[in-house]
Amino acid sequence: MSTFTDRHASKIRGVLSCFDRVVLTGTLPDLCHADAMARFLGARQIRLFDYPRFAEPFREELRTHAERLAAAHGLTIEFIRRKTFRKEDRIKQLLAPRGDHPGLVHIFSAMEPCPSFKPWHDKGSGKTFLRSTEAKCLHYYFYFIDRELGLCYLRVPTWAPFRLQFYCNGHAVLARELAKRKIAYTLLDNAFVECADWVRAQALADAWDPHRLHRHLDRIATTYCPVLRHFPAGVHWSCMQVEYATDVVFHRQAEFQPLYETLTHTAIHAAKPTHVATFLGRKLTGAYRDEVGNDFATRIQGTRIKHSMGWAAIKLYDKFGLIARVECTANDVTFFQHHRTVEHRDGTTEFKLAPVRKSIYSLPVLRELLGAATHRYLDFLAAIEDPRPGLRALEKIATPTHEGERRYRGFNLFHGPDLDLFRTILRGEFTISGFQARQLRGHLADLSGPQLSRCLKRLRTHGLIKKIGKRYKYYLTALGRTVATAALKLRELVIIPMLNQPVAA
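Residues numbered from 1 in each chain as written. Predicted model: local features only at pLDDT ≥ 70, side-chain atom pairs only at ≥ 80, totals over all residues. Heavy atoms only, no water.

Further remarks concern empty space enclosed by the protein. Applying the stated criterion across every chain yields a total of two cavities of 30 Å³ or more. By volume, the second largest cavity is sized at about 30 Å³. Along its surface, the second largest cavity is lined by F19, W208, D209, P210, L213, L363, P364 and R367. The set of elements that each furnish at least two residues to the lining of the second largest cavity consists of α7 (210–224) and α10 (363–385). Tallying contributions element by element places α10 first for the lining of the second largest cavity, with three residues. In terms of residue class, the lining of the second largest cavity is made up of six nonpolar, no polar and two charged. (1 Å grid on protein atoms, 1.4 Å probe; cavity = no way out; pocket = protein on both sides within 12 Å on 5 of 7 lines; lining within 4 Å. Points joined across faces, edges and corners; volume = space filled by probe spheres on them. Helix = DSSP H or I, 4+ residues; strand = E, 2+ residues; numbered from the N terminus. Nonpolar A, V, L, I, M, F, W, Y, C, P; charged D, E, K, R; others polar.)

Turning our attention to helix α4 (residues 87–98). A rise of 1.5 Å per residue sets the reference length of α4, with its 12 residues, at 16 Å; its end C-alpha atoms lie 16 Å apart and thus fit the reference within 8%. All buried positions along α4 are accounted for by K87, I91 and R98. Down the axis, α4 shows its buried residues gathered within 30° of arc, on one side only. Looking at α4, the residues exposed on the side facing more than 90 degrees away from the buried face are K92, Q93, A96 and P97. Residue G99 follows α4 closely and has a positive phi angle near 95°. (Expected span 1.5 Å × (residues − 1). Buried < 20%, exposed > 50% of the residue type's maximum accessible area, 1.4 Å probe, protein only. Arc of directions from axis to C-beta.)

For the coordinates displayed, the defined rule picks out 26 aromatic pairs. An aromatic cluster of three or more residues is present, and its members are F85, F108, Y141, Y143, Y153 and Y167. One residue, R131, lies across the ring of W120, its end atom 4.1 Å from the ring centre. Sitting over the ring of F335, R282 keeps its end group 4.6 Å from the ring centre. (Phe/Tyr/Trp six-rings, centres within 6.5 Å; stacked < 30°, edge-to-face > 60°. Lys NZ or Arg CZ within 6 Å of the ring centre and 35° of its normal.)

Attention shifts here to the layout of surface pockets. The volume enclosed by the largest pocket comes to roughly 1700 Å³. The wall of the largest pocket is formed by 48 residues, among which K92, Y167, N169, D189 and N190 lie closest to the centre. With six residues, strand β12 (residues 312–319) is the largest single contributor of residues to the lining of the largest pocket.

A few words on the pairing of strand β13 (residues 323–330). Where a strand is regular, its side chains alternate between the two sheet faces. For β13, the tally of buried residues reaches eight of eight residues, placing the bulk of the element in the interior. Burial along β13 is two-sided: I323, R325, E327 and T329 and A324, V326, C328 and A330, pointing in opposite directions, are all buried. Across eight bridges, strand β9 (residues 236–250) lies against β13 in antiparallel orientation. Looking at the pairing, Y244 lines up with C328 of β13. Here β12 runs beside β13; their pairing, made up of eight bridges, is antiparallel. Counterpart to A313 in the pairing with β13 is T329. In textbook terms, the turn of a hairpin is the stretch between consecutive antiparallel strands, and for β12 and β13 this stretch comprises three residues, one of which, F320, has a positive phi near 60°. (Pairing = 2+ DSSP bridges.)

On to unusual backbone geometry. Between A160 and P161 the backbone carries a cis peptide bond, its omega angle lying at 20°. You can see P161 is positioned in the loop between β5 (150–157) and β6 (164–169). Phi angles above zero are rare outside glycine, and D189 is one such case at about 55°. Counting through the fold element by element, D189 comes out in the loop between β7 (185–188) and β8 (191–195). Not every positive phi belongs to a glycine, and F320 is a case in point at roughly 60°. Along the chain, the position of F320 falls in the loop between β12 and β13.

According to the stated counting rule, one finds 21 salt bridges in the structure shown. With its nearest N and O atoms 3.2 Å apart, the salt bridge here joins D89 to R86. Judged by relative accessible area, which is 47%, R86 ranks as partly exposed. Among the salt bridges present, the one from D146 reaches R219, with a minimum N-O distance of 3.0 Å. Highlighted residues: D146 in strand β4 (residues 127–146) and R219 in helix α7, separated in sequence by 73 residues. Classification of D146 as buried rests on a relative accessible area of 7%. (Salt bridge = Lys/Arg side-chain N within 4 Å of Asp/Glu carboxyl O.)

Dropping the structure here:
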């Protein structure tokens, strides 16, 4: 089977796979959980009930630092009062006159939930300890343009344990790399519509180094969160949300739009739960308890299909009427699995299939796993777009076939005995355990024994059923189940309702 890009090679300008939205969490090992905070306070001989007094000076230090940065850059800290406020829209307004030169762009502040701790004394055991809880504190959003990472933001809470949140976009990172090497490109929003060297751009996208990213993150964190100097263990960076996109860029909208409309309307019906699991590199078993589903939405920008499975999803949508973007999103990267060395609690190690670690050093592994998911989806689109296999299967069912000198006519799934036959063999009690000729007689009273035997023979010669062993028990083949189910659904849900509509005089 030819791939999607092979089939439309003459219409395609280029193909590029790249990280898109990347959201990372920065935690302080010294304070990140209740026991760590208790040990930190104990080492400094601070009472657990003095935890609020311990955190107060850091809050004031962060507020003073934010005000100092705003004054140094001629900015005013903008407090967000409405939940519907979109920071991204405001940043776009500011960037239009400012340009994209490196530096601080804007500072937002907002009262938002944050993790915290509550001192607790257990009278039964006589022990005092900290409990994890949730509170609200002032957060600062520092939006800035980095020389190597492009437009980013760092979210800094003003209350311990100071859990940071960092955002960047892989397309912006790649744009900086292309500019550094003087490779011409055109970037609209977060998509490349033109590139002088697509192959080189792909190589640069694949070469994003997490070690280098780690150094950038530490530098950015100390710039906007100066209280980190009080905690010697530094910051541990982990993946909170990762998006990876494969863009198929077409030459002209007139060539892409009719194709895209066909793909979306077909894919939303053709993608079943088992397909979604396969796209995402998983197997759907009876033990799986999360939701699996499809969603079709019409947006101002165009249409979008989303196939979701638990904490992961794969989407297809168009950008600028010119790009087919397949995007895989991991809201919890441990959803994906790969073979790696696992260290057990007793110190032993084992190489086995295990969930992806949340560390930023898992980004190369995620690039492979999420990238493979997008390409599997493109292969799926290529299969449903090509009608030839389906036409061959349809012809096989409707065309008479021969076995030796005996001729067996094809099937008409919309009328008479053939329709009754398929309705019967699709009954629920025959789905798992199969059926025998004597079991069908109770549902097909109009057929004599010899007639029913000839029907079963026709089904077998057309490849719609198969016999198991010497038990004279039959099962529907994959082709038989697909054809029969599709034909009955088409008849009941489409053809009959359409014919039932009043005809204009």
